[in-house]
Amino acid sequence: MTSPAFRTARPADVPALVDLIESAYRGDRARAGWTHEADLLDGQRTDPEMVTAAVTAPAGVVLVAERDGGLVACCQVERRDDHAYFGMFAVDPGHQGGGLGRELLAEAERYARETWHAGELRMTVIVQREDLIAWYERRGYARTGERSPFPYGDERFGLPRRTDLAFETLCKKLG
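Scoring rules and cut-offs
Residues numbered from 1 in each chain as written. Predicted model: local features only at pLDDT ≥ 70, side-chain atom pairs only at ≥ 80, totals over all residues. Heavy atoms only, no water. Buried < 20%, exposed > 50% of the residue type's maximum accessible area, 1.4 Å probe, protein only. Helix = DSSP H or I, 4+ residues; strand = E, 2+ residues; numbered from the N terminus. Arc of directions from axis to C-beta. Contact = heavy atoms within 4.5 Å. Axes fitted to C-alpha atoms, helices over the stretch in contact; angles between N-to-C directions. Left-handed = near helix turned anticlockwise from the far one by under 90°. Nonpolar A, V, L, I, M, F, W, Y, C, P; charged D, E, K, R; others polar.

Draft legend 1. Looking closely at helix H5 (residues 130-138). For H5, every residue scored as buried is listed here: Leu 132, Ile 133, Trp 135 and Tyr 136. Each buried residue of H5 sits inside an arc of 155° when the element is viewed along its axis, so together they form one side. In the core, the buried residues of H5 are packed alongside strand E5 (84-91), helix H4 (100-116), strand E6 (120-126), strand E7 (142-149) and strand E9 (166-173). Phi turns positive, to about 95°, at Gly 140, one or two residues after H5.

See the structure below:
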């Protein structure tokens, strides 16, 4: 398989990005991969307005991975006061398990370190996603114990199938 090419997303990428993110997290298409939230949440994962805001944010970028002319992965990297934040991470289910996610995560770390001189990268992960948290831990991220509530009642983030969802912050020093 060819190596991915990384670049910064453009507004014209928004429809493809929304489709990519939805395919990685929600519904039957997502079940082809291992990163889905289909057992935890129904409804949408994102929408064009949210993705447009991320793509055009002055304090951040959306990085995309292209392979054979198509978008196969993306993530958002946002500059914050004393760190960088990583989110909106999605890998096309048909490309999961082959190292693409690991490569894009490393690219996001490099970008935050070299572009903003960020000393650490933080993210939030649904605490019930133990397999995903373990994947991040194998890449040097540590659980902080800091938890935040799931935005129940805001359908822009999905329709919860459980009442106990919460996020935990993970952190990695970028040294």
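The discussion continues.
Draft legend 2. Local environment of the packing of helix H1 (residues 14-25) against helix H3 (residues 48-56). Packing of H1 against H3 brings their axes to within 9 Å, and their N-to-C directions diverge by 115°. For H1 against H3, the interelement crossing comes out right-handed. On H3, the residues that touch Val 14, Leu 17, Val 18 and Ile 21 of H1 are Pro 48, Val 51, Thr 52 and Val 55. Considered class by class, the residues forming the contact of H1 with H3 number seven nonpolar, one polar and no charged.

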